[in-house]
Amino acid sequence: MAVHTFAAIYIGTYDVSLKVFEFTNRKKVHEVDHIRSRQDLGRDAFSKGKIGYEQVEELCETLAQFKQIMQGYKVDNYEVYAAAVLRDASNELSVLDQIYLRTGFRVKVVSNSEHRFISYKSVAGQEMFEKMIQTSAAVIDVGGASVQITVFRNGKLTTTQHIEAGIMRIRNLLGDRGHALKLYETQIEEYMNKKLEGFRAMYMAESVDHVILISDYATELIRRIDNKETVCQVKSERFVKYIEKLESKTLEEITAELNLSDDREPLIIPAIVLFKTLVLNVSPKEVWVPGANILDGIAYDYAQRNKLLSITHDFDADVLSAAQYLSQHYNSYSPHIEALSKLSIKIFDAMKKVHGLGKRQRLLLEVATILHDCGKFVSLSESPESAYHIIMSSEIIGLTHKEREIVALVVLYNTLPLDPYEELSDCLDEGEYLCVAKLSAILRVANALDQSHKQKFKNIRIAVRERRLVFTVEAFEDISLEQALFEAKTAYFENVYSMKPVLKEKRIYNY
């Protein structure tokens, strides 16, 4: 049986960890080894804004040891990730340089949306996950720096929201002040309740059936509730009551009961209080802890890209669902948007040999089409700029930060003149700039065909004929408005593609 060995390394807020996986030719995976080294990188990163040289030294030594372990397993490939702990440090580039010079590792520092998507992938392929989201579920990913809450209803992703209040961040903010343990726990609860107040009001009008909790400390916690190694799902009332029972104990007693390696684990208090407060605010019937973490997500993502696993969950559908709910949140989702989405994709598909873009860019075009009117909620006169800022400020799980920026710019330049590359070169490379130009040109043409927002065309045939893009439409109403504005609205398209859109009407008469 052919085996592919892969190693995932994650540089986290309070530890550096390694997992080794084996993928078989039957598209199965199993974990071979898991090693964690406790390092409080977030202590300095969040309080001082940089990582100290002693911590850099320790980090490089740990990574060098991980490299030796990987060589022992003869891994076929590996990936090294880091998130907020490096992203928020002012000396990020220096730390990355030291890691490369001393270990040869190229570390990928991911944005929050990328980080959460990778963690989400670690559970999204599981059968229990698919069953839970068919009713309602909230995936709560608790990290050292922040919390991400992603809500599903009737099988569709409705929202994902980022809250900067992770385990290490709370510890830095409220810990080490000489308070009694009970007062410390009360402060965390008050702080988190205030943080969650807006989220609950805007996105949790209804409770959910399930909470899917992703966090390092949660696995051992939920197993202790029934004192069984295999238990990973409990009623929320039991989950909360068990944490309240722990809160009445000393720190030493808590760490002993949860079988933690450090008999005075300082992060366990903010972790368990955070879990309890989140569950009380979201009010689920049950709590499920799948036991996966970002290392499993890194392996899953790698396997998906290299076709080493059978993928069952439709992640693109999550992206489109999130975009639709965001559009509805700003009162911009309408029959016009639905018609435009279908039309823009139809144009994209008809022009495959002309634009040279792929499946991923097709998805970005559809997201941009769904969101292109959301800025009108803020300002009718400055709708494009408002839409840009809404998109850039919103988490769309499944899109990278760069992809979200491309979507926002496509929406911006659907109306405004495209800026020269020189003015955007600080945020886009040449390929990304051309992608924005091509997608926004397609969106403009699609918009030109529904200027009245009345969907006057029943059938639209699109064909590329030499240097012309010919639209043959069947109209049941007068389309003089569309015809009058078509040429003006499509001049930009001609500049981008050196191709002229042509509108031909096939009149339908009702006798």
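Residues numbered from 1 in each chain as written. Predicted model: local features only at pLDDT ≥ 70, side-chain atom pairs only at ≥ 80, totals over all residues. Heavy atoms only, no water.

Peer 1: Residues and numbers for the nonpolar core, please.
Peer 2: Nonpolar side chains in soluble globular proteins tend to end up buried together. Membership of the largest hydrophobic core comes to 100 residues, with the highest contact counts inside it found for Phe 23, Phe 129, Ile 347, Val 367, Phe 471 and Phe 493. Take this core: its biggest share by element is 11 residues, from helix α21 (residues 430-448). If sequence neighbours within four positions are ignored, Phe 493 has contacts with Met 351, Ala 441, Ile 442, Val 445, Leu 469, Ser 498, Met 499 and Pro 501. Val 16, Val 240, Leu 246 and Val 279 belong to the second-largest nonpolar core, a separate cluster that totals 77 residues. (Core = buried A, V, L, I, M, F, W, Y, C linked by side-chain atoms within 4.5 Å. Buried < 20%, exposed > 50% of the residue type's maximum accessible area, 1.4 Å probe, protein only. Helix = DSSP H or I, 4+ residues; strand = E, 2+ residues; numbered from the N terminus. Contact = heavy atoms within 4.5 Å.)

Peer 1: Got a sec to walk through the packing of helix α14 (residues 315-329) against helix α17 (residues 359-371)? Specific residues and values, please.
Peer 2: Packing of α14 against α17 leaves a shortest axis separation of 8 Å and a crossing angle of 15°. Taken together, the axes of α14 and α17 lie roughly parallel to each other. Of the two elements, α14 crosses α17, and the hand of that crossing is right-handed. Of the residues in α17, those in contact with Asp 316, Val 319, Leu 320, Ala 323, Gln 324, Leu 326 and Ser 327 of α14 are Lys 359, Arg 360, Leu 363, Glu 366, Val 367, Ile 370 and Leu 371. Residue composition of the contact of α14 with α17, by class: 8 nonpolar, 2 polar and 4 charged. (Axes fitted to C-alpha atoms, helices over the stretch in contact; angles between N-to-C directions. Parallel < 35°, antiparallel > 145°, perpendicular 65-115°, else oblique. Left-handed = near helix turned anticlockwise from the far one by under 90°. Nonpolar A, V, L, I, M, F, W, Y, C, P; charged D, E, K, R; others polar.)

Peer 1: Tell me what's going on with the environment of Leu 280, and back it up with residues and numbers.
Peer 2: Along the polypeptide, Leu 280 turns up in helix α12 (residues 268-282). Accessibility expressed as a relative area gives 47% for Leu 280, which makes it partly exposed. Expressed as a C-alpha distance, the spacing of Leu 280 and Glu 237, which sit 43 residues apart in the sequence, is 9.1 Å.

Peer 1: Please provide a residue-by-residue account of the sheet that holds strand β10 (residues 233-235), values included.
Peer 2: In spatial order, the strands read β8-β7-β6-β9-β11-β10; together these 6 strands make up an open sheet with mixed pairing. On the outer flanks of this sheet lie β8 (156-163) and β10, each paired with one strand and no other. Within the sheet, the average angular offset between the axes of one strand and its neighbour, ignoring direction, is 20°. Where strand β6 (residues 136-142) and strand β7 (residues 147-153) come together, 7 bridges link them in antiparallel fashion. Residue pairing for β7: Asp 141 is matched across the bridge by Gln 148. Across the sheet, helix α8 (residues 181-203) is in contact with β7 and β8; its angle to β8 comes to roughly 160°. (Pairing = 2+ DSSP bridges.)

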